[in-house]
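# Commentary on secondary and tertiary structure
Here is how the chains run, residue by residue.
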Amino acid sequence: QVRLVESGGGLVQAGGSLRLSCAASERIFDSYAMGWFRQAPGKEREFVAAISWDSVNTNYADSVKGRFAISRDNAESAVYLQMYNLKPEDTAVYYCAARDFTGTAATSRGFYRYWGQGTQVTVSS
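Keep in mind the model is a prediction, meaning the values are calculated, not measured. (Residues numbered from 1 in each chain as written. Predicted model: local features only at pLDDT ≥ 70, side-chain atom pairs only at ≥ 80, totals over all residues. Heavy atoms only, no water.)

### Notes on the overall build of the protein chain
Here is the rule we go by: Secondary structure elements are taken from DSSP: a helix is a run of H or I of four residues or more, a strand is a run of E of two residues or more, and numbering for both begins at the N terminus. Radius of gyration: C-alpha atoms only; globule rule: 2.2 Å multiplied by the number of residues to the exponent 0.38. Type-normalised accessible area, obtained with a 1.4 Å probe on protein chains alone, sets the label of each residue: buried when under 20%, exposed when over 50%, and partly exposed for intermediate values. Only heavy atoms enter the contact rule, under which two residues are in contact if any of them lie within 4.5 Å. Areas reported as accessible are Shrake-Rupley estimates using a 1.4 Å probe. Residue values count occlusion only from the protein chains shown.
When its secondary structure is counted, the protein chain shows 0 helices and 11 strands. Taken from N to C terminus, the helices and strands of the protein chain fall in the order β-β-β-β-β-β-β-β-β-β-β. For 125 residues, the compact-globule estimate of 2.2 N^0.38 gives 14 Å, and the C-alpha radius of gyration of the protein chain, at 13 Å, lies within 12% of that figure. Principal axes of the C-alpha set define a box for the protein chain whose edges measure 40 × 25 × 25 Å. Looking at the protein chain residue by residue over its 125 residues, the buried ones come to 42%. Across the protein chain, the fraction of contacts at a sequence separation of at least 24, relative to all contacts at a separation of at least 6, is 61%. Working note: accessible area of the protein chain is about 6200 Å², and carbon and sulfur atoms make up 46% of it.

Okay, structure coming up:
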């Protein structure tokens, strides 16, 4: 069982930046595809970004392209989401997700097997 713990959320003004971190419990992390999703109140959980096990492939939702960057450090069993130029519509609980898969990381929720508990990001206008 892989455990994922997110951190780094908080309150920030529009135009500001935040860096989310996700720590994984498993040393086999480097064979896992990783993703970030978010869920705003009253809305479904949506894809934000994903990264392949070797960092070669990344995917982004159109709404965050050019503003968010996903990265990982397999030696630290961690994945990161750097968020720039935050907007009020980015307000949501952000979740880290994982799947033992060495191909391109998928963008669908059903692809991922393990989930963290989430971290709140609030962007004020």
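### Some details on the state of the cysteines
Filter applied, for reference: Working definition: a disulfide is two cysteine sulfur atoms within 2.5 Å of each other.
Throughout the structure, instances matching the rule amount to 1 disulfide. Residue Cys22 pairs covalently with Cys96 via a disulfide, S to S 2.1 Å. For the disulfide bridge between Cys22 and Cys96, the dihedral angle about the S-S bond is near -80°, and by the sign convention the bridge is left-handed. Here Cys22 is found in strand β3 (residues 18-24), whereas its partner Cys96 is found in strand β9 (residues 92-100), with 74 residues between them in sequence. The two residues Cys22 and Cys96 agree in class, both being buried.

### Brief notes about the pairing of strand β8 (residues 78-83)
Worth spelling out the cut-off: Should DSSP find at least two bridges between two strands, the strands are regarded as paired.
Across the 6 residues that make up β8, a large majority, 6, are buried. Pairing analysis gives 6 bridges linking strand β7 (residues 68-73) to β8, with the strands arranged antiparallel. The partner of Arg72 across the bridge, within β8, is Val79. Here β7 folds back onto β8 in antiparallel fashion, the turn holding 4 residues, of which Ser77 has a positive phi close to 50°.

### Side note on the pattern of salt bridges
Pairs may arise between side chains of opposite charge once their charged atoms sit close together. Applicable threshold: Salt bridge criterion: a side-chain nitrogen from Lys or Arg within 4 Å of a carboxyl oxygen from Asp or Glu.
Evaluated as defined, the whole model comprises 5 salt bridges. Note that Arg67 and Asp90 form a salt bridge whose closest N and O atoms lie 2.8 Å from each other. Of this pair, Arg67 sits in the loop between β6 (58-60) and β7 while Asp90 sits in the loop between β8 and β9, and the two are 23 residues apart along the sequence. Neither Arg67 nor Asp90 differs from the other in exposure class; each is buried. Residues participating in the shared-partner salt-bridge network are Arg38, Glu46, Arg67 and Asp90.

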